[in-house]
Amino acid sequence: EQAIRRMGAAGVRTTLLEISARPLLDSREPRLVDLFKQPYLHAVAVGLLAQRLMQAHGCKEAECAEAFHAGLLHDSGKPVVGALLLDVERQMASTKGRRLISDDVMVACIEQSYARASAQVASAWQLSPRAAQAIEGAASPVGSGWSLAHALRLADALAAQEGFHLRREDIDRAPAIIE
């Protein structure tokens, strides 16, 4: 009750979302830790940048908060898909006795499928349908006009350019996305 009085319901929700996102994003799987550097810090940077971009476009405070929440969960599907792939590999390796999925293949699989998983996480965590759609839409080039998906995609590229990247390749792609 004291937290809600001081921070308001929206502030408490944001704080709880931040606290809950960290164990999801910072995987304990050694291979995923090696593949994706500092996912929680990256997510917070994307959330803050998305929020500021929405503010700069004159969006309402609720839309700006939604942008922060969506930015925080925009990559949540990566550890989910990665854990699933590692689980499949472990089950297969028990019969074959060797590593089946190379790091390059794992990253390619994650990159191709994480957006939908991230949108599902956002829906399960009761973000708005608009936020879940924006998370899924931000993974690929978006159409013209300004939207939450645009803000997320741009925030992700800006974060990578400023050093909050998951993989070195993110830095190389950032200027084209920003442009």
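Being a predicted model, the structure only gives us computed values, none of them experimental.

Colleague: Help me get a handle on the confidence of the model for the protein chain, residues and values and all.
Modeller: In the predicted model, the protein chain carries a mean pLDDT of 87, and 89% of its residues have values of at least 70. When the elements of the protein chain are averaged for pLDDT, helix H1 (residues 2-25) gives the smallest value, 76, and helix H3 (residues 39-56) the largest, 95.

Colleague: Can you lay out the packing of aromatic side chains for me, pointing to particular residues and giving the numbers?
Modeller: In this structure the tally under the stated criterion is zero aromatic pairs. One Lys or Arg, Lys 78, reaches over the ring of Tyr 114 and ends 4.5 Å from the middle of that ring.

Colleague: Outline the side chain of Lys 78, supporting the account with residue identities and numerical values.
Modeller: Mapped onto the secondary structure, Lys 78 falls in helix H5 (residues 77-96). A residue is classified by how much of its surface remains accessible, and Lys 78, at 7% relative accessible area, is buried. Among residues more than four places away in sequence, those in contact with Lys 78 are Phe 36, Ile 110, Glu 111, Tyr 114, Ser 118 and Leu 166.

Colleague: Lay out the layout of surface pockets with the relevant residues and their values.
Modeller: Gaps between atoms show up when a probe of the same size as a water molecule is rolled over them. The volume enclosed by the largest pocket comes to roughly 410 Å³. Lining the largest pocket are 24 residues, and of these Glu 111, Tyr 114, Ala 139, Arg 153 and Asp 156 sit closest to its centre. Looking at the lining of the largest pocket, the elements with two or more residues in it are helix H6 (103-124), helix H7 (129-137), helix H8 (148-161) and helix H9 (168-178). Sorting elements by how many residues they give to the lining of the largest pocket places H6 first, with six residues. Here the residues of the lining of the largest pocket are counted per class, giving eleven nonpolar, four polar and nine charged.

Conventions used here
- Residues numbered from 1 in each chain as written.
- Predicted model: local features only at pLDDT ≥ 70, side-chain atom pairs only at ≥ 80, totals over all residues.
- Heavy atoms only, no water.
- pLDDT = per-residue confidence, 0-100.
- Helix = DSSP H or I, 4+ residues; strand = E, 2+ residues; numbered from the N terminus.
- Phe/Tyr/Trp six-rings, centres within 6.5 Å; stacked < 30°, edge-to-face > 60°.
- Lys NZ or Arg CZ within 6 Å of the ring centre and 35° of its normal.
- Buried < 20%, exposed > 50% of the residue type's maximum accessible area, 1.4 Å probe, protein only.
- Contact = heavy atoms within 4.5 Å.
- 1 Å grid on protein atoms, 1.4 Å probe; cavity = no way out; pocket = protein on both sides within 12 Å on 5 of 7 lines; lining within 4 Å.
- Points joined across faces, edges and corners; volume = space filled by probe spheres on them.
- Nonpolar A, V, L, I, M, F, W, Y, C, P; charged D, E, K, R; others polar.

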